[in-house]
Amino acid sequence: MALWNRKKSQAQTAQADLNDEGISRLEPGLGRVKNIIAIASGKGGVGKSTVATNLAFALKETGASVGLMDADIYGPSQPGMLGAELEPPHVVGGQLQPSNRHGMSFISMGLFLGGGGPVIWRAPIAMKMIQQFIANVLWGELDYLLIDLPPGTGDVQLTLAQQAQLTGAIIVTTPQEVALGVARKGLKMFEQVNVPILGIVENMSGFICRHCGKETDIFGAGGGKTMAIEMNVPFLGAIPLDPAIMSSGEEGVPVLAKDRKSGASKAYIALVQAVEKSIDDMKASGNLLEPEQVEMADNGELHVRWPDSHQSIYTPHHLRVNCHCANCVNEDTGLRTLDPAHIPLDIKISDIKPVGRYAMAISFSDGHNTGIYTFKRLRDLCECPEHSKKGESFEV
Ligand code: ADP
């Protein structure tokens, strides 16, 4: 029984979404979004939301269909930056209809708040909102959905990494070292959850004087590039520190919509090209370790086909014994606390669920259901001679 097939499931969704006249209709969720890109930063105030808005508009200007999800639920600024009316979105058939501004669909907590003060959410409510933004918004078919994340590395970022099939993340930083330090943390978090880093954008980079045209590096220079080299990820470009960017944010009009020839607009046009190239390179490199197909064989074995066509076959017993959850392994020492002798040889897999783009959760017939197997670990657990030589799984 096939559990999931990446290519097939996309084609099936596309087909199911045509009505009798063959016209596509809006469907909730992210199933028909081609590229989902998280815009992240280590800390607030580096211009992450400004970059998200202007990059989204610049992508739209290439003819792409674009959506923007303001997941910065603690400081939603997208409605202001897009000059949107602060009214709650319409509900159609129990689903939220995204607002439309400057030719882009968008949703933001700010629309529900009517311009009130700072937002303080209890974590479970914040998480519910994010889940709604993922599953219950009529995003329909989009070429790009940009997600403006809250700063830092918290539950919202993790939930999105687990529940939205992120194509990749863009890290926004300013040139100075302090901001770079925290951006590095964000970068590490995405790497851990197998979300590819599309690259780093250095914002507020070089101030160009309107009067004399001289460029001054108010916040230092070149830090974003240094970090990109250090972390081995693409440097996507630098956006100048430009008062026109700030005023366009306040007016609710993206810089490209105001003046296509300005330095800021040119920087965003160049950024679009760098982002498109990074997505193409990432897809072509096959670096994303995500199974092509996962199948449960009639004999209860798990069959996984990887992007390089390698087929791994796992017995349920091998997987159960090598579970790496906190109930089976001492988190401090990394040593196994589970006694393999207690695992029945005829144990079965009772359920498998994907976890983001990086893992699957496997439940077993002995009631054990806390094991999350990252694709990397799963690949290392492959029982073929080539992999078992590495000795990365536990001895049974
Ligand atoms: P964040 O989302 O990281 O908290 P914002 O996007 O809200 O940051 O930007 C913070 C402030 O900096 C805003 O007033 C915005 O207009 C301004 N800003 C952002 N980028 C630039 C830039 N390149 N040049 C000038 N002002 C900018």
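Structure: above.
One structure accompanies this document, and this report is about it. (Residues numbered from 1 in each chain as written. Predicted model: local features only at pLDDT ≥ 70, side-chain atom pairs only at ≥ 80, totals over all residues.)

Let us now look at helix 2 (residues 48-60). An α-helical segment advances 3.6 residues per turn. Residues three or four places apart therefore align on the same side. In this model helix 2 runs 18 Å from its N-terminal to its C-terminal C-alpha over 13 residues, within 8% of the 18 Å that 1.5 Å per residue would give. Across the 13 residues that make up helix 2, a large majority, 13, are buried. (Helix = DSSP H or I, 4+ residues; strand = E, 2+ residues; numbered from the N terminus. Expected span 1.5 Å × (residues − 1). Buried ≥ 20, exposed ≤ 12 C-beta atoms within 10 Å, placed from the backbone.)

Our next topic: the sheet that holds strand 17 (residues 359-364). Strand order in the open sheet formed by three strands is 16-17-18, with antiparallel pairing between adjacent strands. Among the strands making up the open sheet, the edge pair consists of strand 16 (349-355) and strand 18 (371-374). Taking the axes of each pair of neighbouring strands and ignoring which way they run, one obtains an average angle of 25° across the sheet. Two elements, strand 17 and strand 18, share four bridges in a ladder whose sense is antiparallel. (Pairing = 2+ DSSP bridges. Axes fitted to C-alpha atoms, helices over the stretch in contact; angles between N-to-C directions.)

All right, on to the nonpolar core then. Formed by 71 residues in total, the largest nonpolar core has its most connected members in Ile 39, Leu 55, Leu 145, Leu 146, Ile 147, Leu 160 and Ala 169. The greatest single-element share of this core, amounting to seven residues, is contributed by helix 2. Filtering out sequence-adjacent residues up to four positions away, Leu 160 remains in contact with Ala 38, Ala 71, Ile 130, Ile 147, Leu 149 and Leu 166. With 14 residues, the next largest nonpolar core counts Leu 302, Tyr 314, Leu 319 and Phe 375 among its residues. (Core = buried A, V, L, I, M, F, W, Y, C linked by C-beta atoms within 7 Å. Contact = placed C-beta atoms within 7 Å.)

What follows deals with the pairing of strand 17. Pairing between strand 16 and strand 17: six bridges, direction antiparallel. Bridge assignment links Lys 353 to a residue of strand 17, and that residue is Ala 361. Taking the residues that link successive antiparallel strands as the turn, the strand 17-strand 18 hairpin has six residues, and the phi of Gly 367 there is positive, at about 90°.

Residues in close proximity to the ligand total 17 residues, the closest being Gly 47, Lys 48, Ser 49, Thr 50 and Met 246. Breaking the shell around the ligand down by element, the ones donating at least two residues are helix 2, strand 10 (197-208), strand 12 (235-241) and helix 9 (243-251). Split by residue class, the shell around the ligand holds six nonpolar, nine polar and two charged. (Near = placed C-beta within 6 Å. Nonpolar A, V, L, I, M, F, W, Y, C, P; charged D, E, K, R; others polar.)

Contact pair helix 5 (residues 123-135) / helix 6 (residues 155-163): the axes reach a minimum separation of 10 Å and the direction vectors enclose 35°. Remark: the crossing between helix 5 and helix 6 carries right-handed chirality. Counted together, Ala 123, Ala 126, Met 127, Ile 130, Gln 131 and Ile 134 of helix 5 and Asp 155, Val 156, Thr 159, Leu 160 and Gln 163 of helix 6 form the full contact between these two elements. (Left-handed = near helix turned anticlockwise from the far one by under 90°.)

Below, the discussion takes up helix 9. Taken together, the buried positions of helix 9 are occupied by Ile 245, Ser 248 and Gly 249. The buried residues of helix 9 occupy an angular sector of 105° when the element is viewed end-on, so they sit on one face. Every exposed residue of helix 9 that faces more than 90 degrees away from the buried side is listed here: Pro 243, Ser 247 and Glu 250. Remark: Gly 252 follows helix 9 within two positions and exhibits a positive phi of approximately 80°. (Arc of directions from axis to C-beta.)

Here we come to unusual backbone geometry. The backbone of His 102 sits at a positive phi, close to 50°, despite the residue not being glycine. Topologically, His 102 is positioned in the loop between strand 6 (99-101) and strand 7 (104-108). Here His 102 falls in the buried class, since 20 other C-beta atoms lie within 10 Å of it. In this model, Ser 309 sits at a positive phi of 75°, which is unusual for a non-glycine residue. With respect to the secondary-structure elements, Ser 309 resides in the loop between strand 14 (302-305) and strand 15 (311-314). Owing to 7 C-beta atoms within 10 Å, Ser 309 belongs among the exposed residues under this scheme.

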